[in-house]
Structures are given as C-alpha cells and as structure tokens.
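A look at the structure
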Amino acid sequence: MSECIFCSFAQRKIPCELVYSSRNTMAFLDIAPVHPGHVLVIPKAHHPTLWDLPAGLGEEMLETMQKVSKALVRAVNAQGLNVVMNNHKAAGQLVEHAHFHLIPRYENDGLRA
Ligand code: 5GP
Ligand code: ZN
C-alpha cells in the first residue's frame, strides 16, 4: 500500500513545518512555496477531495482557514490571499489527500492564481 505523505504528517510519523493544529485539521508550510508563507490546510483524516470531506468537519475547517489566513497575512505582510484547491489530477492535484492552498499575494506580484 502506498503511503500518503499528508497522513504521515497528521500522524506525526514524518515531521512538517506545522503552523496550526486543531482536533481534526492542521496547517503546515508548503515545501515548494509560491511565495514565502504558502500554507496547506488539511483534514487530519484521509479524504481525497473536497466532496469526500465529512459535512461535520465544515465548521472546524472554516475556523482553521480563517485563523491561519488572518495570522498569515499579518506575518508576511501580504496585501491579499488566494485560497486554492485542486481536485483530481486533471485539475492539478498531485497529493491525493484533500488540501487547501493559502497563498499570500502582493500587488503586481505576477502570479495568475
Ligand atoms: P496539489 O498540486 O496536489 O494541489 O498540491 C500539492 C502541494 O503539496 C504542492 O504545493 C507541493 O509543493 C506540496 N507538497 C508536496 N509534497 C510535500 C511535502 O513532502 N511536504 C510539504 N510541506 N509539501 C509538499
Ligand atoms: Zn492521506
């Protein structure tokens, strides 16, 4: 069985640069950031896509994303923030454990995300 790297982070089998953790969610720095402070927010349990997430996780996930976004924008002095999610390979999903990208943005930074 192939290992899921994000499950390994959630289960603390492999270390990651943890930014925030709640009971069922966590946030850590992306290994290949688009900008410094590029964070990934995941459910700790393995669910492949947005529509696999249990409805009961919604409130906690939103709270995590809001808390991390607010702190992140302040920490890196961003002027904006993209929330991006890729679902399935055709849409650019490389890690098949659902994750939201939080990407700090700046005026005229040249990104198209
Ligand atoms: P996707 O293309 O699936 O939406 O995004 C996967 C993201 O996971 C990419 O931005 C990639 O840089 C990040 N990533 C892949 N492997 C690792 C890893 O081992 N550690 C961390 N922190 N991020 C990873
Ligand atoms: Zn997983």
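Computed from a predicted structure; not experimentally measured.

Reading the values: the criteria
- Residues numbered from 1 in each chain as written.
- Chains lettered and ligands numbered in written order.
- Predicted model: local features only at pLDDT ≥ 70, side-chain atom pairs only at ≥ 80, totals over all residues.
- Helix = DSSP H or I, 4+ residues; strand = E, 2+ residues; numbered from the N terminus.
- Rg over C-alpha atoms; globule rule 2.2 N^0.38 Å.
- Buried ≥ 20, exposed ≤ 12 C-beta atoms within 10 Å, placed from the backbone.
- Pairing = 2+ DSSP bridges.
- UniProt positions renumbered as here; feature names shortened; annotations may be inferred.
- Contact = placed C-beta atoms within 7 Å.
- Core = buried A, V, L, I, M, F, W, Y, C linked by C-beta atoms within 7 Å.
- Near = placed C-beta within 6 Å.
- Nonpolar A, V, L, I, M, F, W, Y, C, P; charged D, E, K, R; others polar.

This paragraph deals with the overall build of the protein. Scanning the protein from N- to C-terminus turns up two helices and five strands. Taken from N to C terminus, the helices and strands of the protein fall in the order α-β-β-β-α-β-β. Computed over its C-alpha atoms, the radius of gyration of the protein comes to 14 Å, within 12% of the 13 Å expected for a compact globule of 113 residues. A principal-axis box enclosing the C-alpha atoms of the protein has dimensions of 45 × 30 × 30 Å. Burial statistics for the protein: of 113 residues in total, 23% are counted as buried.

Of the pairings in the sheet, the one linking strand E3 (residues 39-43) to strand E5 (residues 100-105) comprises three bridges and is antiparallel in character. In the strand pairing of E5, Val 39 is matched with Leu 102. For strand E4 (residues 80-84) and E5, the ladder comprises five bridges, and the chain directions are antiparallel. The residue bridging Gly 80 from the neighbouring strand is Arg 105, located in E5.

On to the UniProt feature "active site" (unreviewed entry) in the protein, then. Listed under "active site" (unreviewed entry) in the UniProt record, and renumbered for this structure, are His 99. When you line up the elements, His 99 lands in the loop between E4 and E5. A count of 22 C-beta atoms within 10 Å places His 99 in the buried class. Once residues within four sequence positions are removed from consideration, His 99 is found in contact with Phe 6, Leu 40, Val 41 and Ile 42.

A few words now on the UniProt feature "domain: HIT" (unreviewed entry) in the protein. Those places that UniProt annotates as "domain: HIT" (unreviewed entry) correspond, in this numbering, to residues 5-112. Within residues 5-112, the helical portion is 23% and the strand portion 23%, while the C-alpha atoms at the span's ends are 27 Å from each other.

Ala 27, Phe 28, Val 39, Val 41, Ile 42, Val 68 and Leu 102 are the most contacted members of the largest nonpolar core, which totals 17 residues. Where this core is concerned, the elements lending two or more residues are helix H1 (5-10), strand E2 (25-29), E3, helix H2 (58-76) and E5. The dominant element in this core, judged by the number of residues it contributes, is E3, at four residues. Sequence-distant contacts of Val 41, defined by excluding residues within four places in its chain, comprise Thr 25, Ala 27, Thr 64, Met 65, Val 68, His 99, Phe 100 and Leu 102.

Of all residues adjacent to ligand 1, which total 13 residues, the nearest are Ile 31, Ala 32, Asn 86, Leu 94 and Val 95. Classifying every residue of the shell around ligand 1 by side-chain character gives nine nonpolar, three polar and one charged.

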